[in-house]
Amino acid sequence: MEPVLISPASFKLFGFIPTVLFSVLIPIVGVGLFTYIMAKRIAPLVKANPDFRFDRPKERVLNVLKIWLAQYRHPRYMMAGVLHIIIFFGFLILSVRSSELVIKGISADFIMPGLGGTLGDIYYFFKDYAATAVFFAVIIAAIRRGIFRPDRYIYPKSYGHDHTNEAVFVCLVIATLMVSESLFEACLVAAEVQKGLHATFLAPGTLAWLFKNILLDATPEKLQSLHILSYYVHDLTFFFFLCFLPMGKHFHVITSLFNVFFMRLDRGNVRPVRYGVSDEELDNLESFGVKKFSDFTWKDVLDFYTCADCGRCSDQCPANRVKRPLSPRFISIKGRDYAFSHFPLMGEFVAQEPLIGEGGIYSEDEIWSCTTCGACEQECPIGIEYINKIVDLRRGMVDSGNVPQSLQKPLSSLEKRGNPYGKMEKKRSEWTKGLEDCEVKLFENGDTADTLYFVDSVTSFDERMQNVARATAKIMCAAGIDFGILGKDEKDSGNEVKRFGEEMLFQNLKRENSEAILESGVKNIVTADPHAYNALKNEYTGMPPVNHISQIITKSVSEGRLKLKPVNEEDGKIYTYHDPCYLGRHNGIYEEPRAAIDAIPGIRRVEMMKSRDRSFCCSGGGLMLFYEPEEEERMGALRVKMAQKAGANVIVTACPFCLVNMEDAIKVAGMEGKMEAIDLGELVAAHIDN
């Protein structure tokens, strides 16, 4: 039987050229060009440093299923997230149809394997709805991106032109794919209806259904022309889009699956200086960190390619919020632009220049502004990492002797005395003086205990923070825990030193602490400092189990070893808990501190809007206690305002760094007498029921 309409696979002439010639040439040219572009884009990855990302394949596959396929993080920005989910799943569904159409241009009767029966009927039914949903989603997205632009899409003039036009253009390209595919099918069904044949069922309310009804009165010649035209519009658009993707921010359509598969599995740690080089062999390296582009690892370059320019990272970045010269989004965008310009599609690769400083793509202040809080990585829906890049860039600067003036003294003190204050080692245990009814054993005196209380530098030497140490000791005594401290044998944990980029100093601190801890013979470690907790747990090796004091409190209360008395209800205090970055985002401890607060009978606690994994950094990470960056407003002051807005007048922290910054911020914000800050340990110790 003669076909209802001449298909693109026919050798009959359309104009003066057999249609099948187009059907063969377009895929050949498209695939060939795409292969060439991808080969050029892969070159920077090949030339980059190694990165070990092939471990724990099961966990990586689960990440792909959860984060990439299930779009787990996208609804955190609800409207944009829903639109993306519609487009994403619509694309997955329609990729089968688009692939089928390519082959139909050569073999008219081709049907994808498995779609010839009932399963095919079900697929084609939902395919039509998917095309319609994607069409309206991209139109809404284009209007939203082009007209009603959220602040996170703003592109500073100093960085050149923004990507609004590209985003809107891609939305229109996708819309063209949806319309052309629907129109191609609608023409065929309309022709079947006109000839009184059994017409293919089209899902009601879809684009294809709508086009069919519009075309029912069209002439056969017009249907034939639209049928062929829509096919080749779809075919050309499909292969154009494929080749266009690696040219800009929509590269993530191709790379995101791989980026999620290779994303970091553990939090709280920083990658080694060089994979394959042990700590003992670091002295043999000629250069540390990232100084030129090829010093990045291949995962870094993949991150650059994968950035979708959605702005979520910068929207959550506290440094960006207070107008420091850092926006994580542009770390990736500038890296991608550099890769494109220095590894061009045509011509020779361009010689690489230093990345930081005059003529580079990153500024010194930009890299030092990061607090390593991890908010950007927590928010990214496609697994892009920033802390490793920031630390590596700092390693490069430190290796070149480029250290901010304000940080040179604390670094020198850490090297000489094991603490950033330059105080004598023997003074580490002075906070124990005057501590009543609580014995703190000293391992340096030959005492033994099951548990080590690792105090760390800030809590040991800062007079205000010494109260936190005393409160922690009181809690452990009340809970019946046999514990002691290293005293003068304890060094700074080095958590901030490592993130500052001083790797060799960190290795020295780590080695001395590890030797002292193992020689003490303790079975457990407890600390009230999340930075020490993070370093001991994630950066040291071979250590006994490490717990934060909040975990000890909740366990002791639940087991009945620690009893707490009610609050004074007449004091009118309303508490809110501030999640420290190195306790929460980096180590997933969110509920234990809240449970510890709520264990105090009668206490009133409210939540700030930015809490848990969206908590707002106090500004204390990465040696920032000793660094004064340019900013419009202090992070701590902004956090205090958030607490006030939540209706609280007491901010509870579980980190000495946070407490330092919160108390300072209360003064800066002029809120003394209206707001106070207290450590979790101090709060609980004050309510111990003797």
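On to the packing of helix α24 (residues 635-645) against helix α25 (residues 656-668). Two numbers describe how α24 lies on α25: the axes approach to 8 Å, and their chain directions differ by 80°. The orientation of α24 relative to α25 falls into the category roughly perpendicular. Together, Gly636, Ala637, Arg639 and Val640 of α24 and Met662, Ala665 and Ile666 of α25 make up the contact between the two elements. Looking at side-chain class alone, the contact of α24 with α25 contains 5 nonpolar, 1 polar and 1 charged residues.

For the rest of this paragraph, the subject is helix α3 (residues 78-104). In this model, α3 (27 residues) spans 38 Å end to end at C-alpha, consistent with the 39 Å of a helix rising 1.5 Å per residue. The sharpest bend along α3 comes to roughly 35°, located at Leu94.

The next thing to look at is the state of the cysteines. Chemically, a disulfide is nothing more than a covalent bond linking the sulfur atoms of two cysteines. Under the definition given, this model contains 1 disulfide. Residue pairing for Cys438: its cysteine sulfur links by disulfide to Cys477, the two sulfurs lying 2.0 Å apart. Taking the torsion about the sulfur-sulfur bond, which here is approximately 70°, the covalent link between Cys438 and Cys477 counts as right-handed. Of this pair, Cys438 sits in the loop between α16 (405-417) and β3 (441-442) while Cys477 is found in helix α18 (residues 466-478), placing the two residues 39 residues apart along the sequence.

Another aspect to go through is the sheet that holds strand β10 (residues 650-653). With respect to topology, 4 strands assemble into an open sheet ordered β9-β8-β10-β11, the strand pairing being parallel. Because the sheet does not close on itself, it has two edges, and the strands there are β9 (605-606) and β11 (676-679).

Pairing between the strands of a sheet is mediated by backbone hydrogen bonds and can be parallel or antiparallel. Here 5 strands make up an open sheet; going across it, the order is β3-β5-β4-β6-β7 and the pairing parallel. With partners counted over all chains shown, the strands left at the sheet margins are β3 and β7 (546-548), one partner each. In the sheet, strand β6 (residues 524-527) pairs with β7 via 3 bridges, with the strands oriented parallel. Counterpart to Val526 in the pairing with β7 is Asn547. In the packing of helix α21 (residues 530-539) onto the sheet, the strands contacted are β6 and β7, and the crossing angle to β7 comes to about 160°.

As a further point, take the environment of Asp337. Within the secondary structure layout, Asp337 lies in helix α12 (residues 328-342). Classification of Asp337 by relative accessible area gives partly exposed; the value is 35%. Sequence separation between Asp337 and Gly32 is 305 residues, and the spatial gap between their C-alpha atoms is 24 Å.

What follows concerns the domain arrangement of the protein chain. According to the domain assignment, the protein chain contains domain 1 (12-247), domain 2 (288-402), domain 3 (422-558) and domain 4 (569-685). For domain 1 versus domain 3, the distance between C-alpha centres works out to 58 Å.

This paragraph deals with the pairing of β10. On a regular strand, one side chain projects to one face of the sheet and the next to the other, so that they alternate. Because side chains alternate across β10, one face comprises the buried residues Val650 and Val652, and the other comprises Ile651 and Thr653, equally buried. Relative to β10, strand β8 (residues 575-577) runs parallel, the two sharing 3 bridges. Residue pairing for β10: Tyr575 is matched across the bridge by Val650. As judged from the 4 bridges shared by β10 and β11, these two strands associate in the parallel manner. Residue pairing for β11: Val650 is matched across the bridge by Glu676. Where the polypeptide runs from β10 across α25 and back to β11, its parallel neighbour, the crossover connection is right-handed.

Moving on, we get to the packing of aromatic side chains. The tally for this structure, following the rule as stated, stands at 31 aromatic pairs. Seen from their ring centres, Phe169 and Phe240 are 6.1 Å apart, and the 90° between their planes marks the pair as edge-to-face. Taken as a pair, Phe169 in helix α5 (residues 164-194) and Phe240 in helix α7 (residues 220-244) lie far apart in primary sequence, 71 residues in all. Relative to Phe239, the ring of Phe238 lies with its centre 5.0 Å away and its plane at 85°, an arrangement referred to as edge-to-face. Judged by its relative accessible area of 22%, Phe238 is partly exposed. Overall, Phe239 belongs to the buried group, its relative accessible area being 7%. Taken together, the aromatic side chains of Phe293, Phe296, Phe304, Tyr338, Phe343 and Phe349 make up a single cluster linked through ring pairs.

So, about the nonpolar core. Counting 178 residues, the largest nonpolar core has Met178, Phe293, Tyr362, Trp431, Tyr453 and Ile517 as its most contacted members. Ranked by the residues each element gives to this core, the list is headed by α5, at 12 residues. When near neighbours in sequence (up to four residues on either side) are disregarded, Ile517 contacts Leu452, Phe454, Leu486, Val522, Ile525, Leu536, Met543 and Pro544. Leu101, Val102, Tyr231 and Tyr232 belong to the second largest nonpolar core, which has 8 residues in total.

Glancing now at the packing of helix α8 (residues 252-261) against helix α9 (residues 298-306). The N-to-C vectors of α8 and α9 enclose an angle of 140°; their axes lie 8 Å apart at closest approach. When the interaxial angle is binned, α8 and α9 end up oblique. Where α8 crosses over α9, the handedness of that crossing is left-handed. Between α8 and α9, the residues in contact are His252, Thr255, Ser256, Phe258 and Asn259 and Lys299, Leu302, Asp303, Tyr305 and Thr306, respectively.

What counts and what doesn't
Residues numbered from 1 in each chain as written. Predicted model: local features only at pLDDT ≥ 70, side-chain atom pairs only at ≥ 80, totals over all residues. Heavy atoms only, no water. Axes fitted to C-alpha atoms, helices over the stretch in contact; angles between N-to-C directions. Helix = DSSP H or I, 4+ residues; strand = E, 2+ residues; numbered from the N terminus. Parallel < 35°, antiparallel > 145°, perpendicular 65-115°, else oblique. Contact = heavy atoms within 4.5 Å. Nonpolar A, V, L, I, M, F, W, Y, C, P; charged D, E, K, R; others polar. Expected span 1.5 Å × (residues − 1). Bend = angle between axes of the 7 residues up to and from the residue. Disulfide = S-S within 2.5 Å. Pairing = 2+ DSSP bridges. Buried < 20%, exposed > 50% of the residue type's maximum accessible area, 1.4 Å probe, protein only. Domains from an automatic or database assignment. Right-handed = clockwise from strand over helix to strand, strands pointing away. Phe/Tyr/Trp six-rings, centres within 6.5 Å; stacked < 30°, edge-to-face > 60°. Core = buried A, V, L, I, M, F, W, Y, C linked by side-chain atoms within 4.5 Å. Left-handed = near helix turned anticlockwise from the far one by under 90°.

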